[in-house]
Amino acid sequence: MLEVTLPDGSSRTLPEGASAADLAAEIGPGLAKAAVAARVRRPARDTEGTAAPDSDGEAAVVDLSRPLRGGDEVAILTRRDAEALDVLRHSAAHLMADAILRLFPQAQLTIGPVVEDGFYYDIHLPEGALTPDDFPAIEAEMGRIAGRAHPFERCEVRERDADEAFARYRAIDGGHNRFKAELVGEIEGRGEGLTLYRHGDFVDLCRGPHVPHTGWLKHTRLTSVSGAYWRADAERERLVRVYGTAFFSKADLEEHLRRIEEARKRDHRVLGERLDLFHFEEDAPGFPFFHPRGNVLFTLLIDSMRRLLGRRGYHELRTPVILSESLWHTSGHYENYLENMFFTKLKLRDEGDSGAVRDNVDEQRPLAVKPMNCPGHLLVYRSRARSHNDLPLRFSEMGLVHRRELSGVRHGLFRVQAFTQDDAHHFCTPEQIGGEIGLLIEFFREVYALFELDDVRVELSTRPEKSIGSDAIWERAEASLESALEESGIEYQLNPGDGAFYGPKIDFHIRDALKRSWQCGTIQLDFSMPERFGLHYIGADGQRHTPVMIHRACYGSVERFMGILIEHFAARFPLWLAPVQVLVIPVSAKHVEYARSVHEKLLDAELRAEVNLKDDRVGYKIREASLQKIPYAAVVGGREAEAGTLNVRSRDAGELGEMTARDFLERIAEERSPGL
RNA sequence: GCUGGCGUAGCUCAAUCGGUAGAGCAGCUGACUUGUAAUCAGCAGGUUGGAGGUUCGAGUCCCCUCGCCAGCUCCA
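Residues numbered from 1 in each chain as written. Chains lettered and ligands numbered in written order. Predicted model: local features only at pLDDT ≥ 70, side-chain atom pairs only at ≥ 80, totals over all residues. Heavy atoms only, no water.

Participant: Just checking my understanding: could you explain the overall build of chain A for this structure?
Facilitator: Across its full length, chain A holds 20 helices and 34 strands. The principal-axis extents of the C-alpha atoms in chain A amount to approximately 85 × 75 × 70 Å. Looking at chain A as a whole, 49% of its 676 residues are labelled buried. Of all intrachain contacts in chain A linking residues separated by at least 6 positions in sequence, the fraction that spans at least 24 positions is 69%. Seen as two clouds, the 87 positive and the 109 negative side-chain charges of chain A have centres 4 Å apart. (Helix = DSSP H or I, 4+ residues; strand = E, 2+ residues; numbered from the N terminus. Buried < 20%, exposed > 50% of the residue type's maximum accessible area, 1.4 Å probe, protein only. Contact = heavy atoms within 4.5 Å. Lys, Arg positive; Asp, Glu negative; His and termini not counted. Charge placed at Lys NZ, Arg CZ, Asp CG, Glu CD.)

Participant: Help me understand the pairing of strand β2 (residues 11–14) in this model?
Facilitator: The side chains of a regular strand alternate, residue by residue, between the two faces of the sheet. Strand direction decides the pairing type here: strand β1 (residues 2–5) and β2, joined by four bridges, are antiparallel. Bridging from a neighbouring strand, leucine 2 pairs with leucine 14 of β2. In this antiparallel pair of consecutive strands, β1 and β2, the connection spans five residues, and glycine 9 shows a positive phi of 95°. (Pairing = 2+ DSSP bridges.)

Participant: It is not clear to me how the pairing of strand β23 (residues 456–461) should be interpreted in this structure. Could you clarify?
Facilitator: Examined bridge by bridge, β23 and strand β25 (residues 505–511) share six bridges and lie antiparallel to one another. Note on β25: the bridge partner recorded for valine 456 is isoleucine 510. Examined bridge by bridge, β23 and strand β24 (residues 493–495) share three bridges and lie parallel to one another. Residue glutamate 459 lies in a different strand from β24, and its bridge partner there is glutamine 493.

Participant: Where do I start with the confidence of the model for chain A in this structure?
Facilitator: The predicted coordinates ought not to be read in detail in places where the model reports low pLDDT. When pLDDT is averaged along chain A, the result is 88, and 95% of the positions lie at 70 or above. Note on residues 46–55: pLDDT is under 50 here. Beyond four places in sequence and across chains, it has 14 contacts. Listed scores for the predicted complex are pTM 0.87 and ipTM 0.94. (pLDDT = per-residue confidence, 0-100.)

Participant: Mind showing me how you'd approach the environment of phenylalanine 427 here?
Facilitator: The residue phenylalanine 427 is located in strand β22 (residues 418–428) in this model. Residue classification places phenylalanine 427 among the buried residues on the basis of a relative accessible area of 0%. Along the backbone, phenylalanine 427 and methionine 549 are 122 residues apart, and their C-alpha atoms lie at a distance of 4.7 Å. With sequence-adjacent residues up to four places away left out, phenylalanine 427 is seen in contact with His377, Leu378, Tyr381, Leu391, Pro392, Leu393, Phe395, Leu535, Val548 and Met549.

Here it is, written out as structure tokens:
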């Protein structure tokens, strides 16, 4: 007999060799039916017997069929547990792989992990292609396999060559799958045991766990297909990545698909065009054209940031967009950032040859377009002597930078080739680092809260392969950031090797409507650049010292941040951000004069108001205002002209009724102010 | 940059086997004089992304190129 502990602290006694499924049945038939998998924590005392759960002392999710041991702490997982959904989706990946192999016998499987909203499987197709057109056939095949309710069986491979399951596994996709062979080699290299999972005729290398049988996998859907590379290496074999998702119930699946559909409607590229905020041209790839309404939003973002910066003692600069190439050698950008930079090229008319144009003329001082603002700020710092009394010195700039991007990575306003950074550089003494970074973390949190952004992820990125500065400097810088993060008490993830070439950074990532994560804010600590540019300050000791530099941007890119806000609000901006705040609508042509006077009154009150004088029905104009997501419509007709009022309709609250312009302005006063 | 997909009117989309490029919305003009999410009628709108090729004939087939979309890689 063995005794196990349940999550509520009670214990159960089971016959020797009993599984988690037996435990569930022992607790009750309802649980037995609802059980998906089990979470087992095994005390780290004995080392004999069956190997898994894999790491002793740590809780691991395992198959229901796995035998338990005395002393195990066991939780039966049902569809209500988050881990259960991952188990389901991973099982669905096996199901999909099975179906694909049936329809594409030449396919070779590689890896098939669970991702945030589902799963994918990377598949090598030596010839032919797999497109969404194949989805119905694959899904139908998956449905058939699910209908058979094949149990998922776990097989531990002891003697590879003698093992029947392993032989079947090797045969499953032709017997010469070099990808799986590579994985097997790695697992054995680590001294771990191989495990296989089988359902029906299908066997796959897998750590598990899985749902009890394929009957659980009835609510699956393939979502997309794209390219990928084996080991994410473009030099290696190209793979087809087939994405899918799975849920425990039809309702959950439908709800998920509906949410994706909703998210697509928030796409800033679509809304940007429909609300006339900006557009792109084929002749200017990745360079947005902001229209009047988009420009209002853009300017509001910049003005708000200026106010916040001013309050914190920043001094705003304006530095050149083009600087000499040699400067970028000094800064290290030429060495480390060349591929992302635009360089100027001269052309000259050849007077001897009837005005023919010579390309790429060499220049005495070749020029480059700035991809970052830091060198300019270093030059301003260096333009006069600085004292320790000046520090910390905070220079800001709404700097327009240009960066060449590989084709294929551009993405609306999120990834452009020219953008405006709400950039700033703090110059300070080493002792001031902690204080400056603490201030910045607080500052950024305040800004994101102002825009009602709550899903902000923080990362600490460390030294990349291409970088400048000594190991000692990097260690010091990384340690400084880490302690500042600990000090502030915010949660963060480590992102090794993703720092800037001149220093480690704290990044703030925000998600778009489709949950793709984009870096916005960044705080970068730099001990190298001030030295390269020969910066110094006179300390209290009368000696020269090199200052430390902190690069920082809160929006990151005003363009990207604007895109994030469009998706976050689905373009239903709060009043203070709305490009057009009120639309005045005369009921008929007879009321044009009065509509004009109301419009002027609202403009005088510095409201962003427009008036629709077209000869359309009121209903039509209301519809237009609504589609343009304008917060207020002010309808005026005979009654209002008589009484000197306006009839207000709110985008969010419907009709508010008749009121004077003064009452209306009073009513929206608070909404209009950004709370800065 | 890589893999796959897609480019037809301002927008959303049609066009059968390679055989006269079309509709709705938007735009313009006119009529209606309108009371809270689409009034009616008419007009105009195109080098089918660009450049080559095959063909009697190309939106459609082939090659090149540019852009867009999804993902990979990279990044604010």
